[in-house]
Amino acid sequence: MDTLSPLAGVTGRLPAAQRAWDLLAAAQRENPAVVEELLLLPETGLWLTRLLTRLRSSRCADIPLWAEAGHLHTLAAVAAARAGFTFSFPVPVHGDRVWLPTLGLARLPSAHRQRSMWTVAEVRAVSGRLSVIGRYGCLRLPAVLERPARDWLPQRWPALAAGDARRIALDDLGHHRIAPLPDGAAERLSQSAYDSWSRLLRDAYGLLTAVDPPTADAAVLLRSLQPMRAHERFRVRSVTSGHGVGGLASSMPDSVPLCAATLVHELQHSKLSALMHLYPLHEPAPVASQQRLYYAPWRDDPRPLGGMLQGAYAFTAVARFWRACAVRLTGHGSGLARFESALWFGQLVRVVPDMATDPALTALGRNALQDLLGAIVRLHKRTGEGPEEMMADRMAADHRATWRLAHVRPHPGDVGRLAAAWCAAPKRPPLLSPRPHPEIRESGARHLDARAMLVRVGLADPAALDKMRDSPGDQVPGIAGAARADLLWACGEFSAARRLYVREINSESPRPGSWAGLGLALADAGCAPEGVRALTTVPELVAAVHRAVWHISGRPPDPVALARWLGQGDAGPCGTR
């Protein structure tokens, strides 16, 4: 209001912002709980952030500024309606649609040519009945707003437990989306899809109540879920926003445990976002290019400190949840839970100590990270040593190697010197320069966890992995980023996988995962331990020297022989990382 009030005409054809504020304040005096619910909607925070950014930067947007500011009028009208007022108040309308937060979506009669335009409609309440009046007609809403009617789609509220007052808004209609378009587009769910979401959320909350009561209690923070389009199995697409705390956008998980894990993950983000609005854990970098970038095991791209804090906090709870599930679940579900728990605890215990040295941390941030690290170490010590835990350790190393191949740049001088040394005397062990702080650069590479996804498929349903292997073609159905070589490796056909990895590497544009996959295939076949060491610790150097030798000699060197040669290298007195 302090920003809007001095701006004459900013609300366009709508009344001045003060009129909306007065109506909202009157509704609060009558029914404060209603106004609190509206103000704490995640979409209200998303709208406020976007509007204030526009007002302070004069940024252009698809929505007219008056219509963006007019969402305040919509909130006031909804608050007045729910408080039982008799009133009439103008609100913005997009084409033929008027979205009334917490109530539903009204579709007004309209001219075809105006369905993408922003105009003004009137929300009117008389004797407890709502009407919405547009240029081309009036829509009288049903007496019971929870019931659908012609041109009226009510907001739906699935309960998290049978007979429980704890419910969330399933937001498939609202304007203010957490995920960007096109993935986050609003689209009305069919009744069957809504019923599936309702059952999944109820069962997932029941599982949380049984194995992770603290997270189940924290679910009071979850206020809305925005459904997203279906994604791959085990790759749930989910996102939250620090500006819309309590909101979650997600594709539908394939199982109850995976849905529960998604809720755990995103609830942690909401909790930390709420905390960091009040108590910053790190100072912002003066210039974005000066941010220290980190390896994030849960992401494909390098991440700054803020993203690492969010990820570490979220995955600590996810790992704890999967550990509890491993005890409760049976059969394949238990094995998958042990894999997930060991994978994330193993990764966290490696990356969090490095984060704790970042000079941008505040004193509170340093203390919080030390507490988090202590919890991670204690829980990690309880990790078993079964086949699922061993595979988790291997997949952690595989992801780190693939990530390095995608984003770490070896020193050009090292690459040229080593390529020349290989061409001159490939039997003499090379001298490796110790460079503890390599250059990290975003490359745009994605789906670096493809082999871990295949491992998950094999743990959950071994027959599904065999079915994938028998499918024709080089691509792996249902696992983006996976190639035929990865599938053969996951099925235990290591020699065949090794041949395909070598063929990929000697092609014009190999995937980052092909070099790391070669290391896995060699290790599983018990071959070339020096090569496995190089492909695990400095895979980006192996790949760069391979390209340089190819350029010098006109033909690609044997990838296995080159990796073995580099793995025999002497790092000098300082050692290597």
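Residues numbered from 1 in each chain as written. Predicted model: local features only at pLDDT ≥ 70, side-chain atom pairs only at ≥ 80, totals over all residues. Heavy atoms only, no water.

## Quick notes on the overall build of the chain
Counting its regular elements, the chain contains 21 helices and 13 strands. Considering only C-alpha atoms, the chain reaches an extent of 90 × 50 × 50 Å along its principal axes. Put simply, the chain has 577 residues, and 50% of those count as buried. Residue pairs at least 24 apart in sequence account for 68% of intrachain contacts in the chain once pairs closer than 6 positions are excluded. For the chain, the accessible area works out to roughly 26,600 Å², and carbon and sulfur atoms hold 54% of it. Charge-centre separation for the chain: the mean point of 67 positive side chains lies 2 Å from the mean point of 53 negative side chains. (Helix = DSSP H or I, 4+ residues; strand = E, 2+ residues; numbered from the N terminus. Buried < 20%, exposed > 50% of the residue type's maximum accessible area, 1.4 Å probe, protein only. Contact = heavy atoms within 4.5 Å. Areas by Shrake-Rupley, 256 points an atom, 1.4 Å probe, with all protein chains shown as cover. Lys, Arg positive; Asp, Glu negative; His and termini not counted. Charge placed at Lys NZ, Arg CZ, Asp CG, Glu CD.)

## Looking at the pairing of strand 3 (residues 104-107)
When strand 2 (residues 97-100) meets strand 3, the two strands line up antiparallel, connected through four bridges. Of the residues in strand 3, the one forming a bridge with Arg97 is Arg107. Linking two consecutive strands that pair antiparallel, namely strand 2 and strand 3, is a turn of three residues; a positive phi of about 75° is found at Thr102 within it. When strand 3 meets strand 7 (residues 152-154), the two strands line up antiparallel, connected through three bridges. Across the sheet, Leu105 pairs through a bridge with Leu153, a residue of strand 7. (Pairing = 2+ DSSP bridges.)

## Here's the deal with empty space enclosed by the protein
Applying the stated rule across the entire model yields four cavities of 30 Å³ or more. In this structure, the largest cavity encloses a volume near 120 Å³. Lining the largest cavity, in full, are Ile63, Ala67, Glu68, His71, Thr74, Pro92, Trp99, Trp118, His175 and His176. Counting residues per element, the ones that place at least two in the lining of the largest cavity are helix 4 (65-69) and helix 5 (71-82). A per-class count over the lining of the largest cavity returns five nonpolar, four polar and one charged. (1 Å grid on protein atoms, 1.4 Å probe; cavity = no way out; pocket = protein on both sides within 12 Å on 5 of 7 lines; lining within 4 Å. Points joined across faces, edges and corners; volume = space filled by probe spheres on them. Nonpolar A, V, L, I, M, F, W, Y, C, P; charged D, E, K, R; others polar.)

## Details of the sheet that holds strand 9 (residues 224-227)
The sheet built from four strands is open, its strands ordered 8-9-11-10 with mixed pairing. A strand with exactly one partner marks an edge of an open sheet, and here the two such strands are strand 8 (169-170) and strand 10 (238-239). Sitting on the sheet, helix 8 (residues 256-278) touches strand 10 and strand 11 (247-250), and the angle it makes with strand 11 is about 140°. (Axes fitted to C-alpha atoms, helices over the stretch in contact; angles between N-to-C directions.)

## Some points on the side chain of Arg456
The topology assignment puts Arg456 in helix 14 (residues 450-460). When near neighbours in sequence (up to four residues on either side) are disregarded, Arg456 contacts Phe234, Leu336, Phe339, Glu340, Leu343 and Trp344.

## A look at a nonpolar patch on the surface
On the surface, Leu275, Leu278, Tyr279 and Leu364 cluster together to form a nonpolar patch covering roughly 400 Å² of accessible area. Considering the arrangement of structural elements, one finds Leu364 in helix 11 (residues 363-380). For Leu364, a relative accessible area of 40% corresponds to the partly exposed category. (Patch = residues over 30% accessible without salt bridge, like charges linked within 9 Å, V, L, I, M, F, W, Y side chains within 5 Å. Salt bridge = Lys/Arg side-chain N within 4 Å of Asp/Glu carboxyl O.)

## Some thoughts on the packing of helix 12 (residues 387-407) against helix 18 (residues 512-525)
Where helix 12 contacts helix 18, the axes come no closer than 7 Å and their chain directions differ by 145°. The chirality of how helix 12 crosses helix 18 is right-handed. In this structure, helix 12 uses Arg394, Met395, Asp398, Ala401, Thr402, Leu405 and Ala406 to contact helix 18, whose residues at the interface are Pro512, Gly513, Trp515, Ala516, Gly517, Leu520, Ala523 and Asp524. (Left-handed = near helix turned anticlockwise from the far one by under 90°.)

## Description of the layout of surface pockets
The volume enclosed by the largest pocket comes to roughly 1,500 Å³. Lining the largest pocket we find 47 residues, and of these Val236, Ser238, His265, Trp298 and Arg299 sit closest to its centre. Listed by contribution, the elements that provide at least two residues to the lining of the largest pocket are strand 10, helix 8, helix 9 (305-328), helix 10 (332-355), helix 12 and helix 14. Here the residues of the lining of the largest pocket sort into 19 nonpolar, 16 polar and 12 charged.

## Side note on the nonpolar core
Among the nonpolar cores identified, the biggest contains 123 residues, and Trp298, Phe321, Val352, Ile479, Val545 and Leu566 are the most heavily contacted of them. A per-element tally of this core places helix 9 first, with 12 residues. Once residues lying within four places of it in the same chain are set aside, the contact partners of Val352 are Ala312, Leu369, Leu373 and Ile376. One finds Trp47, Ala76, Leu139 and Leu145 within the second-largest nonpolar core, a separate group that totals 41 residues. (Core = buried A, V, L, I, M, F, W, Y, C linked by side-chain atoms within 4.5 Å.)

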